[in-house]
Amino acid sequence: MTRLVMSICALFGLFFLASPAPLAAQGGDANAVYDSTLYNGLKWRMVGPYRGGRSTAVTGVPGRPFLFYQGTTGGGVWRTTDAGQSWENISDGYFGGSIGAVTVAGSDPNVIYVGEGSVDIRGNTSAGRGVWKSTDAGKTWTFSGLREAGQIGRIRVHPNDADLVYVAALGHAFGKNPERGIFRSQDGGATWQHVLALNDSTGAADIAMNPHNPRELYAGMWRGERKPWALISGALEGGIYKSSDGGDTWKKLEKGLPTGLVGKVNVSVSGANGDRVWAILQNEPDGGVYRSDDAGESWQRVNSDNKLRQRAFYYTHIVADSADENTVYGLNVQFFRSVDGGVTFDQIEVPHGDIHDLWINPDDPKIMIVANDGGAQVTLNGGRVWSTYLNQPTAEFYDVIVDNAFPYRLYAGQQDNTAISVPAWLSANELHAKVGWENIGGCETGPVGLDPDDPSVIYSGCYSGIIDRWDRAQQQRRWVSIYPQEQSGDATYNLKYRFQWVAPIVVSPHDDGVVYHGSQYVHRTTDGGMTWETISPDLTTNTRAHQGYAGGPIDPDITGVEVFNTVFSLALSSTDPNELWAGTDDGRVHITRDAGATWTEITPDRMPQYGTVDEIELSPHAAGRAFLTVQRYREDDFAPYIFRTDDYGRSWRQLTDGRNGIPADYPVRTVREDPERRGLLYAGTEFGVFVSFDDGRRWQPLQLNLPITPVTGMRVAHGDLIISTQGRSFWVLDDVGPLLQLSDEVSGSRHYLYSPSPAVRANQGGV
């Protein structure tokens, strides 16, 4: 679609507007400065990429060999009716975001239960908000409670009673709460009973049902919890619990199983033999794959290979075959199958690594669907051939950068894949959107820096503070990292430089050879990365208690996600090359106005303890004016925090209180001020987009047709509002001109003609 056509489509419905109904008739939103009917002709447009993001829940339907469902970790629920050749979202308009479980009732395929919140709790995992149910195969949905269950790892439905449902709830990923364990509903989710509850720290990672005797249930109980600086996995209460009476009573299984601290647990019952039960669990030194041949009364460890139990919090999944009691699948970085009762496992190639879930058709075990960090893929022949993951627009991004080309391009690192650039639009003559994709160096961790006027050189981040300098013209990539440091697996206090997973990279708009990077310090290069200098002191709290080894008390983790006390955000003035602002992930803000010679702390008085300064937005309208986006969801605080200063941080005003438009449990990740209209602000939250027409005093939704998904980054450029999401790829709100023109005069007019923006008729590569 050309730019001309898009502009006309965006504006056509906004030319003539009748006066809107009174706000009371619209629901009485006291925070709405202007009625949304004044701009609801605007539409968000998804611009890709169609490269799948993480999925941790899949299922199929017996008797329907081409019908499957997947739940993504930021993009809601999707369905394929052609064995993975195409996918459609079926949760939009009702719910979205992180999904941990999807289950179809065996007695009625029209009944689907969905549990929010992935149980494979990464450091940036999004929270779940309960259970949803459909009775018409996903056409419509109703909320079924358990809002505080947090991360839901599994839902099981009685094979002959669609109203008898069990939910395995891990609880809140970042804090303690009582709604953990196994819940049961006997009335289709209308009410719930908490049938297995251990404490406010130990929840359920999994629940398995004996297909031959559905009264027999096995629960994998796990204490799994995160902090920004730590991963906690394991407790004495952890392990396998069994009920033989449909969940009324439970006992902990012990004979042959590890004692002491037990971490994540996953359980599966053979479809061929109800007495054969498989489990994989985290423990040292006795973790691994266990098998019971007497319905859980006794167990033996059959496999301890590290390839099946590494990074236990992220994997630890086992699935029994539906037809052969000696066949079982292990899910980890790779996909494994054993045909000798779990003694040995061989790898099966799949399109993408990091495997999180598997569903096997009970009628034909060669029909399967896997969930992994590239979405979901289907096989109809036992794993010899799989469907693609390049047809799922569920990419997870941490931010978005745009250039000034025509058409302009969007840049970011896609979690679980590579850094990528896509065009804002393509010519109608292109055969496939992939022709516009570019690999721009770096890796999944996200930071990208470039000169928007000359994006021929791109700086892309990767683990441990690695930076790639990508020369587009020469098609050459080289590392320009500050220090040859391997931080993976080490305690943070042993590191010379503490680089966060998404350590910021900023290219100076004044000199594209000048690049800034953040560890606990601010670093600068003036020669394109050949040499670096440190231009700040440690700007963090430097709290040693937050700098230990990641993971515990059983196993450490090694990826560096939990590196804390770091510079998390940087912002360089577009008018003064000596002015640089820095925010940390532990709640501090500093400014230098002399190119780093001196630094002044300007942390707001109302900054929450250890709040992560996710973004600093310097106003395009006035010097000294800036906005801070702060989030604490990683400490189980879901309040929205936005601050504004008009005097270089000497004083701050908080623009959110949970009552002025952005709900009290909507963490904010990004804020931008429109460059054309002072006080017109856009906010990206965990559950969508908001707009303020009065400098942040009041906020109202700008969701329109945008799916419910975490909005992680935002830019206002080329007259468009451009966003990145954690689970639904990139979106563009084409032409925000109507928002710029809104006023009391417009609002009070019976009819009003918006002035259209300039349009350009173009073909690819020319005007």
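Note: the structure precedes this text.
This report concerns the structure included in the present document. Note that the structure is a prediction, hence the values are computed from the model and not measured. (Residues numbered from 1 in each chain as written. Predicted model: local features only at pLDDT ≥ 70, side-chain atom pairs only at ≥ 80, totals over all residues. Heavy atoms only, no water.)

## Digging into the pattern of salt bridges
Heads up, the rule is: Any Lys or Arg side-chain nitrogen found within 4 Å of a carboxyl oxygen on Asp or Glu counts as a salt bridge. Put simply, DSSP marks the helices as runs of H or I at least four residues long and the strands as runs of E at least two long, and each gets a number from the N terminus on. Three exposure classes are used, based on accessible area relative to the maximum for each residue type with a 1.4 Å probe and protein chains only: buried under 20%, partly exposed in between, and exposed over 50%.
Inspection of every chain in the model, using the stated rule, returns 44 salt bridges. Of the charged contacts in the structure, one is a salt bridge between Asp-416 and Arg-54, with a shortest N-O distance of 3.4 Å. Of this pair, Asp-416 sits in the loop between β32 (409-413) and β33 (419-423) while Arg-54 is found in the loop between β1 (44-48) and β2 (55-61), placing the two residues 362 residues apart along the sequence. The buried category is assigned to Asp-416, whose relative accessible area is 9%. Salt bridges sharing common partners tie together Arg-625, Arg-644, Asp-646, Glu-673, Arg-678 and Asp-695.

## So, the sheet that holds strand β35 (residues 448-451)
Note on sheets: strands pair through backbone hydrogen bonds, and any given pair is parallel or antiparallel. To be explicit about the condition: Pairs of strands are assigned from DSSP output, requiring at least two bridges between the strands. Only the stretch in contact is used when a helix axis is fitted, and all axes are lines through C-alpha atoms; the angle between N-to-C directions ranges over 0 to 180 degrees.
Overall, antiparallel pairing links the four strands, which are arranged β35-β36-β37-β38 in an open sheet. At either end of the open sheet lies a strand with only one pairing partner, and these are β35 and β38 (476-479). Averaged over all pairs of adjacent strands, the angle between their axes in this sheet comes to 20°, without regard to strand direction. Examined bridge by bridge, strand β36 (residues 454-461) and strand β37 (residues 467-471) share five bridges and lie antiparallel to one another. Within the sheet, the bridge partner assigned to Ser-460 lies in β37 and is Asp-468.

## Thoughts on the nonpolar core
Put simply, the rule reads: We call a set of buried Ala, Val, Leu, Ile, Met, Phe, Trp, Tyr and Cys residues a nonpolar core when their side-chain atoms join them within 4.5 Å. Residue contacts are defined here by distance: any two heavy atoms, one from each residue, within 4.5 Å place the two residues in contact.
Grouped together as the largest cluster of nonpolar side chains are 24 residues, with contacts concentrated most on Tyr-682, Leu-702, Leu-721, Leu-739 and Leu-742. For this core, the secondary-structure elements that each account for two or more residues are β53 (688-692), β55 (711-717), β56 (720-725) and β57 (730-733). For this core, the element with the highest residue contribution is β55, accounting for three residues. Not counting residues within four places of it along the chain, the set of residues in contact with Leu-702 comprises Tyr-39, Trp-44, Tyr-682, Val-689, Phe-690, Val-691, Leu-721, Leu-733 and Leu-739. With 18 residues, the next largest nonpolar core counts Ala-395, Val-400, Ile-420 and Val-732 among its residues.

## A word on the packing of aromatic side chains
The following threshold applies: Geometry of aromatic contacts follows a simple scheme: Phe, Tyr and Trp rings, the Trp one being its six-membered ring, pair when their centres are within 6.5 Å, and the pair is stacked under 30 degrees between planes, edge-to-face over 60, tilted otherwise.
Summed over all chains, the structure comprises 23 aromatic pairs. Between Phe-313 and Tyr-314, the ring centres sit 5.7 Å apart and the planes meet at 35°, which makes this aromatic pair tilted. Neither Phe-313 nor Tyr-314 differs from the other in exposure class; each is buried. Geometrically, the ring pair formed by Tyr-483 and Tyr-497 is edge-to-face, given 5.6 Å between the ring centres and 80° between the ring planes. Here Tyr-497 lies in the loop between β38 and β39 (505-507) and Tyr-483 lies in the loop between β38 and β39, a separation of 14 residues in the sequence. Accessibility expressed as a relative area gives 37% for Tyr-483, which makes it partly exposed. Looking at Tyr-497, the relative accessible area reads 11%, which means it is buried.

## Focus on the environment of Arg-122
You can see Arg-122 is positioned in the loop between β7 (112-116) and β8 (131-134). With 192 residues separating them along the chain, Arg-122 and Tyr-314 place their C-alpha atoms 7.0 Å apart. Non-local contacts of Arg-122, meaning those with residues more than four positions away in its chain, are made with Arg-54, Phe-174, Arg-226, Phe-313, Tyr-314, Tyr-398, Gln-415, Asp-416, Trp-501 and Val-561.

## Looking at the environment of Pro-556
With respect to the secondary-structure elements, Pro-556 resides in the loop between β42 (533-534) and β43 (567-572). For the pair Pro-556 and Ser-298, spaced 258 residues apart in sequence, the C-alpha to C-alpha distance is 29 Å. Beyond its immediate stretch of four places on either side in the chain, Pro-556 contacts Ala-550 and Gly-551.

## Description of the environment of Ser-460
Test applied: Counted as a polar contact is a pair of N or O atoms within 3.5 Å, where, for protein atoms, one must be capable of donating a hydrogen and the other of accepting one, and residues adjacent in sequence contribute only when both atoms are in side chains.
If you trace the backbone, Ser-460 turns up in strand β36. In this structure Ser-460 comes out as buried when scored by relative accessible area, which is 0%. Remark: the alpha-carbon pair of Ser-460 and Cys-443, spanning 17 residues in sequence, is separated by 7.4 Å. Aside from chain neighbours lying at most four places away, what touches Ser-460 is Ala-419, Ile-440, Gly-441, Gly-442, Pro-447, Val-448, Ile-466, Ile-467, Asp-468 and Ile-505. Within the local environment of Ser-460, its side chain forms a polar contact with the backbone oxygen of Ile-440, the two atoms lying 2.9 Å apart.

## With respect to empty space enclosed by the protein
Cut-off, in case you're wondering: A cavity here means a set of 1 Å grid points, computed over protein atoms only, where a 1.4 Å probe fits but cannot escape. A pocket is an open set with protein on both sides within 12 Å along at least 5 of 7 lines, and lining residues have an atom within 4 Å of a point. Grid points are joined across faces, edges and corners, and a volume is the space filled by probe spheres set on the points. Gly counts as polar in this scheme, as do all residues outside two lists: the nonpolar Ala, Val, Leu, Ile, Met, Phe, Trp, Tyr, Cys and Pro, and the charged Asp, Glu, Lys and Arg.
In this structure the tally under the stated criterion is three cavities of 30 Å³ or more. Considering only enclosed or pocket space, the largest cavity measures out at about 80 Å³ in volume. Considering the residues around the largest cavity, the lining is formed by 14 residues, among which Asp-490, Ala-550, Gly-560, Glu-562 and Val-563 are closest to the centre. A breakdown of the residues in the lining of the largest cavity according to their chemical character gives five nonpolar, six polar and three charged.

## Description of the state of the cysteines
Defined as follows: By disulfide we mean two sulfur atoms from cysteines, separated by a distance within 2.5 Å.
Throughout the structure, instances matching the rule amount to one disulfide. Here Cys-443 engages in a disulfide with Cys-462; their sulfurs sit 2.0 Å apart. Between Cys-443 and Cys-462 the sulfur-sulfur dihedral comes to about 110°; the bridge is accordingly right-handed. On the criterion of sequence distance, the pair formed by Cys-443 in the loop between β34 (438-439) and β35 and Cys-462 in the loop between β36 and β37 is long-range, its members being 19 residues apart. In this pair, the class of Cys-443 matches that of Cys-462, namely buried.

## With respect to a negative patch on the surface
The condition is simple: Patches were defined on residues exceeding 30% relative accessible area and lacking a salt bridge, with like-charge contacts within 9 Å and nonpolar side-chain contacts (Val, Leu, Ile, Met, Phe, Trp, Tyr) within 5 Å. Throughout, the Shrake-Rupley method with a 1.4 Å probe supplies accessible areas, and for residues the shown protein chains are the sole cover considered. Asp and Glu count as negative and Lys and Arg as positive, but His and the ends of the chain are not part of the count. Charge positions come from single atoms, namely NZ of Lys, CZ of Arg, CG of Asp or CD of Glu.
Where like charges cluster on the molecular surface, the negative patch consists of Asp-453, Asp-454, Asp-511 and Asp-512. Relative to the assigned elements, Asp-453 resides in the loop between β35 and β36. Given a relative accessible area of 63%, Asp-453 falls into the exposed group.

## What about the sheet that holds strand β41 (residues 522-525)?
One open sheet accounts for four strands, arranged β39-β40-β41-β42; its pairing is antiparallel. Each edge of the open sheet is held by one strand with a lone partner, namely β39 and β42. Here three bridges tie β39 to strand β40 (residues 515-518), and the two strands are oriented antiparallel to one another. What sits directly across from Ile-505, in β40, is His-517.

## A few points about the side chain of Asp-586
One can find Asp-586 in the loop between β44 (580-584) and β45 (589-592). Buried within the structure, Asp-586 lacks any salt-bridge partner; Arg-588 is the closest side chain of opposite charge, at an N-O distance of 6.0 Å. Among the polar contacts listed, one links the side chain of Asp-586 to the side chain of Thr-541, at a separation of 2.7 Å. Within the local environment of Asp-586, its side chain forms a polar contact with the side chain of Thr-584, the two groups lying 2.4 Å apart. In this structure, Asp-586 is in contact with Thr-540, Thr-541, Asn-542, Phe-564, Asn-565, Tyr-610 and Gly-611, ignoring residues within four places of it in sequence.

## Some points on the layout of surface pockets
By volume, the second largest pocket is sized at about 1,100 Å³. Of all elements in the fold, only β2, β6 (97-104), β10 (151-158), β14 (203-209), β20 (265-269), β24 (317-320) and β28 (355-360) reach the threshold of two or more residues within the lining of the second largest pocket. No other element matches β2, which puts six residues into the lining of the second largest pocket. Split by residue class, the lining of the second largest pocket holds 26 nonpolar, 17 polar and six charged.

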